[in-house]
Amino acid sequence: MSICFRRAADIHKSGKGGYASKNKNQDKNQDKKQREDGLLKEETLFTDELPEEILKELTPEIRRQYFLWDEILKREVELYPWLTLPLIEENFHKKYQRNIKIQLLSTEYTISRIHEKGERLLHSIRADLLLRIGGELYHFECQMKSNKSMVFRMLEYDTHIALRHSSNENQLSFPKSVVLYLNHSKNTPDYESCTLHFQDGSRHLYQVPVMKVQKYSLHEIEEKHLNILIPFLPIRFARRIKSGKVTGRKKLKEDLTEFLAECIMILNRGKEEGFLTEHARNDILEFLYKACGHLL
């Protein structure tokens, strides 16, 4: 499968021509070191979100599966916050100028929970991304696929965000939130929602829009400048990769090679047209290759 990545990388490195490849052993050693470094960083940043008794049971491969996608999204936003503006426009129909001030806010909250034995325990929860643009707060959660508890997690996150950031002591202003599902099925909802029943008998529908990443074609990604999603697009090949069917391997290589080449050309055109800086183009490609290496 490494052949298809080298072909795609040729297009990126050379533009119109080829380039001299590195020694294969150097490539393997460098890739191994990058994966180990990446795993160490992922664990350092995010392992406190999992209960310790569960964390002890995770193999390095499962740890990488759990943390990789969050790490890619967070790193993209840390480096290039303006990449989130097309996401905001797509989900909330709010258009900002690229030079608008974007503030990344803390997403970690310490809460107390009562243990089954009655002991009060302190516990940290951390949302994925929280941005302030002007007077608006935008909250993004990145998930592989939907589950029944997601709406309650979002409600918990949004409540803590509102409590921390609302300026009026008599009002709570919830952020504009969205769930990015990196994979979806026919049962994945368009909104995560639940009904809140208050003590006065009133009800409120809590509803968060869902963004199904794999439903976007490459044409739509380019047209809407959703370059931040490109590293997640190879997930659409995951089922074919995992099937391991020898008969379809050649076709998979061809399809994946063509797909990666198109992604690279989209990023190249984005740079040429001024929607991406050179550094952003290169970093998104690096994350794309990291994602592909993980899937394989």
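Residues numbered from 1 in each chain as written. Predicted model: local features only at pLDDT ≥ 70, side-chain atom pairs only at ≥ 80, totals over all residues. Heavy atoms only, no water.

Caption draft 1: Region of the structure containing the sheet that holds strand E8 (residues 203-212). The mixed open sheet is built from 6 strands, whose spatial order is E1-E4-E5-E6-E8-E7. Two strands in the sheet have a free side with no partner beyond their single neighbour: strand E1 (103-104) and strand E7 (191-197). Bridge count between strand E5 (residues 136-143) and strand E6 (residues 176-181): 6 bridges; the pairing is parallel. Along E6, the bridge assignment pairs Phe140 with Val178. Those strands touched by helix H5 (residues 85-92) are strand E4 (129-133), E5, E6 and E8, and its axis lies near 100° from that of E6. Those strands touched by helix H6 (residues 150-165) are E4, E5, E6, E7 and E8, and its axis lies near 150° from that of E5. (Pairing = 2+ DSSP bridges. Helix = DSSP H or I, 4+ residues; strand = E, 2+ residues; numbered from the N terminus. Contact = heavy atoms within 4.5 Å. Axes fitted to C-alpha atoms, helices over the stretch in contact; angles between N-to-C directions.)

Caption draft 2: Quick look at the packing of aromatic side chains. Applying the stated rule across the entire model yields 6 aromatic pairs. Ring centres of Phe237 and Phe259 lie 5.1 Å apart, and the angle between their planes is 70°; on these two criteria the pair is classed as edge-to-face. On the criterion of sequence distance, the pair formed by Phe237 in the loop between helix H7 (218-223) and helix H8 (238-243) and Phe259 in helix H9 (residues 249-272) is long-range, its members being 22 residues apart. In this pair, the class of Phe237 matches that of Phe259, namely buried. One aromatic cluster in this structure is built from Phe92, Tyr96 and Tyr138. (Phe/Tyr/Trp six-rings, centres within 6.5 Å; stacked < 30°, edge-to-face > 60°. Buried < 20%, exposed > 50% of the residue type's maximum accessible area, 1.4 Å probe, protein only.)

Caption draft 3: Geometry of a nonpolar patch on the surface. A cluster of nonpolar residues, Leu163, Leu172 and Phe174, forms a patch on the protein surface that exposes about 300 Å² of accessible area. Tracing the backbone shows Phe174 in the loop between H6 and E6. Residue classification places Phe174 among the partly exposed positions, given a relative accessible area of 38%. (Patch = residues over 30% accessible without salt bridge, like charges linked within 9 Å, V, L, I, M, F, W, Y side chains within 5 Å. Areas by Shrake-Rupley, 256 points an atom, 1.4 Å probe, with all protein chains shown as cover. Salt bridge = Lys/Arg side-chain N within 4 Å of Asp/Glu carboxyl O.)

Caption draft 4: Layout of the pattern of salt bridges. Taken as a whole and judged by the stated rule, the model has 9 salt bridges. Note that Arg75 is salt-bridged to Glu78, the shortest N-O span being 3.2 Å. With Arg75 and Glu78 both in helix H4 (residues 60-79) and 3 residues apart, the pair spans about one turn of that helix. You can call Glu78 partly exposed: its relative accessible area is 46%. Its salt-bridge partner being Asp255, residue Lys251 comes within 2.7 Å of it at the nearest N-O pair. One end of the pair, Lys251, and the other, Asp255, are both in helix H9, 4 residues apart, so they sit about a helical turn from each other. On the basis of relative accessible area, Lys251 is assigned to the partly exposed category, the value being 45%. Each of the salt bridges in this network shares a partner with another, and the network as a whole consists of Arg240, Lys251 and Asp255.

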